[in-house]
Amino acid sequence: MGEIICLGIESTAHTIAIGILDSKKGIIADQRSMYTTDKGGIIPIECAKHHKDLKEELLKKALEESKLKIEEIDFFAYSEGPGLPPSLIVGKDFAKELALKYNKPLVGVNHLVGHLEEGKYFTKAKDPVFIFVSGANTQIIAHEGKKYRVFGEALSVGLGNALDKFGRAVGLGFPAGPKIEQLAKKGNFIEIPYVVKGMDVEFSGIVTHCINLYKKGAKIEDLCYSLQETGFSMLLEVTERALAHTGKKEALLIGGVAANQRFVEMLNLMCKERKVKSFACPLKYSGDNGIQIAIAAMLQYKSDYKVYKTKKQKELADINTNWRIDQVETPWMDMFKK
Ligand code: ATP
């Protein structure tokens, strides 16, 4: 295949983003806009309105940045799921409209696969065990038996949200992760619950325990340090077992919590002992963005997976709000192994 240009649209939750990827030149445009609130969480309908209001402007800016005319895009891609339905619909309708208008193929991408493939793209890891730790998501994932599989995950709250929950209770504001990291540098270890159940981890009880200790007068620095050491160790225990089970020789940290230098240090140490290579996705690309959709879409396009070509197929393209990662086919993995 010669040079191919893909325009990817991300809109699963708080962010509407457009990324343009050139198979030869790499990233040629990356435009994003995040919906935020002064208080509380996402209001889905308002979030969708934000996406609707900004999509045209983002497209214009992305085309300007790439110095391309829209006719030069070879195909369009969108995040099909999982995500919030009102947000997903905006991206899907926009991508569909463009694909129909300019008579180009349309590709439906799984948002999580976008994160994983983007991590590989930037770090050059080939077939790692992924430690995916964002706000809501905490999963240990690896490719096995032609699909990405979840080997272990947080049973209730994800690690990022757990840190934020603790931070909120002790007055650190949002997001608390970076502040906890700084405070932890001055802390000492206190014994707190360590909860690994099989291959899964559970953070909610630990957070409640730490909040109670804080109320009884425990030092904030000690709690931050202990929360980090315990939470990261739990995840690394599961990662280590996933590495042993799969025999993989790479571990890749992705998601917002990958910003934590202590986590990266602990991962590096564990990997060194196991003679496994460790990687962390660049922070700029750990949050939701259009490039992640374009990267996964490029692989799908080349391996003809979920590429809607006819007018009828494009019209029928839909969202899949609960699209689990292990339901995604990954034909490109076989293609590139050869
Ligand atoms: P999701 O994609 O799961 O819905 P999200 O988009 O909010 O969640 P990210 O932007 O990937 O997730 O990550 C945000 C999380 O990362 C927050 O919970 C934040 O506290 C945490 N975080 C950011 N920096 C650090 C840090 N230095 N140490 C620990 N946690 C951090």
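Residues numbered from 1 in each chain as written. Predicted model: local features only at pLDDT ≥ 70, side-chain atom pairs only at ≥ 80, totals over all residues. Heavy atoms only, no water.

### A closer look at the domain arrangement of the chain
And step 1. Annotation of the chain at the domain level lists domain 1 (5-115 + 287-337) and domain 2 (124-284).
And step 2. Summarising the inter-unit geometry, the C-alpha centres of domain 1 and domain 2 are found 29 Å apart.
And step 3. Contact with domain 1, which involves 13 residues of that partner, is made by 12 residues of domain 2.
And step 4. Each partner contributes to the roughly 1200 Å² buried at the junction of domain 1 and domain 2, and carbon and sulfur atoms together form 55% of this total.
And step 5. Where domain 1 meets domain 2, there are 2 salt bridges. (Domains from an automatic or database assignment. Contact = heavy atoms within 4.5 Å. Buried area = accessible area lost by both parts, 1.4 Å probe. Salt bridge = Lys/Arg side-chain N within 4 Å of Asp/Glu carboxyl O.)

### Topic: the site of the ligand
And step 1. Taken together, 19 residues lie around the ligand, and S134, A136, D164, E181 and G256 are the ones closest in.
And step 2. Here an oxygen atom of the ligand sits 2.5 Å away from a polar atom, N or O, in the side chain of S134.
And step 3. G135 has a polar backbone atom sitting 3.0 Å from an oxygen atom of the ligand.
And step 4. The fraction of the free accessible surface of the ligand (650 Å²) that becomes covered by protein chains is 81%.
And step 5. Of all the elements in the fold, those that place two or more residues in the shell around the ligand are α4 (159-169) and α5 (177-184).
And step 6. In terms of residues, the shell around the ligand owes the most to one element, α4, which gives 4 residues.
And step 7. In terms of residue class, the shell around the ligand is built from 6 nonpolar, 11 polar and 2 charged. (Near = heavy atom within 4 Å. Polar contact = N/O pair within 3.5 Å; in protein donor to acceptor, adjacent residues only side chain to side chain. Areas by Shrake-Rupley, 256 points an atom, 1.4 Å probe, with all protein chains shown as cover. Helix = DSSP H or I, 4+ residues; strand = E, 2+ residues; numbered from the N terminus. Nonpolar A, V, L, I, M, F, W, Y, C, P; charged D, E, K, R; others polar.)

### Let's talk about the nonpolar core
And step 1. Grouped together as the largest cluster of nonpolar side chains are 48 residues, with contacts concentrated most on F166, F203 and F263.
And step 2. Mapped onto this core, the elements with two or more residues apiece are β6 (129-133), β7 (138-144), α4, α5, α6 (204-215), α7 (220-246), β11 (250-254) and α8 (261-274).
And step 3. Excluding residues within four positions of it along the chain, F166 makes contact with I180, V207, C210, I211, I220, L223, C224 and L227.
And step 4. Counting residues in hydrophobic clusters, the runner-up holds 35 residues, among them C6, I141, C281 and M298. (Core = buried A, V, L, I, M, F, W, Y, C linked by side-chain atoms within 4.5 Å. Buried < 20%, exposed > 50% of the residue type's maximum accessible area, 1.4 Å probe, protein only.)

### Here we look at the side chain of Q300
And step 1. Here Q300 lies in helix α9 (residues 290-302).
And step 2. A distance of 2.9 Å separates the side chain of Q300 from the backbone oxygen of G108, its partner in a polar contact.
And step 3. Sequence-distant contacts of Q300, defined by excluding residues within four places in its chain, comprise V107, G108, V109, N110, Y305, K306, V307 and W332.

### Examining the pairing of strand β2 (residues 15-22)
And step 1. Counted residue by residue, β2 has 8 buried out of 8 residues, so it is predominantly covered.
And step 2. The alternating pattern of β2 places T15, A17, G19 and L21 on one face and I16, I18, I20 and D22 on the opposite face, and all of these are buried.
And step 3. Where strand β1 (residues 5-10) folds back onto β2 in an antiparallel hairpin, the turn is made up of 4 residues.
And step 4. Two strands pair when backbone bridges link them, and β2 and strand β3 (residues 26-34) are joined in this way by 8 bridges, in the antiparallel orientation. Bridge pairing links A17 to R32 in β3.
And step 5. Counted between consecutive antiparallel strands, the loop separating β2 from β3 contains 3 residues. (Pairing = 2+ DSSP bridges.)

### A short note on the pairing of β6
And step 1. Among the 5 residues that make up β6, 5 are buried, leaving the element largely enclosed by the rest of the structure.
And step 2. Neither face of β6 is left uncovered, since the one carrying V129, I131 and V133 and the one carrying F130 and F132 both have all their residues buried.
And step 3. Summarising the sheet, β6 and β7 pair through 5 bridges and their orientation is antiparallel. If you follow F130 over to β7, its bridge partner there is I141.
And step 4. With antiparallel pairing between neighbouring strands as the criterion, β6 and β7 make up a hairpin whose turn holds 4 residues.
And step 5. Pairing analysis gives 4 bridges linking β6 to β11, with the strands arranged parallel. The residue of β11 that forms the bridge with V129 is A251.

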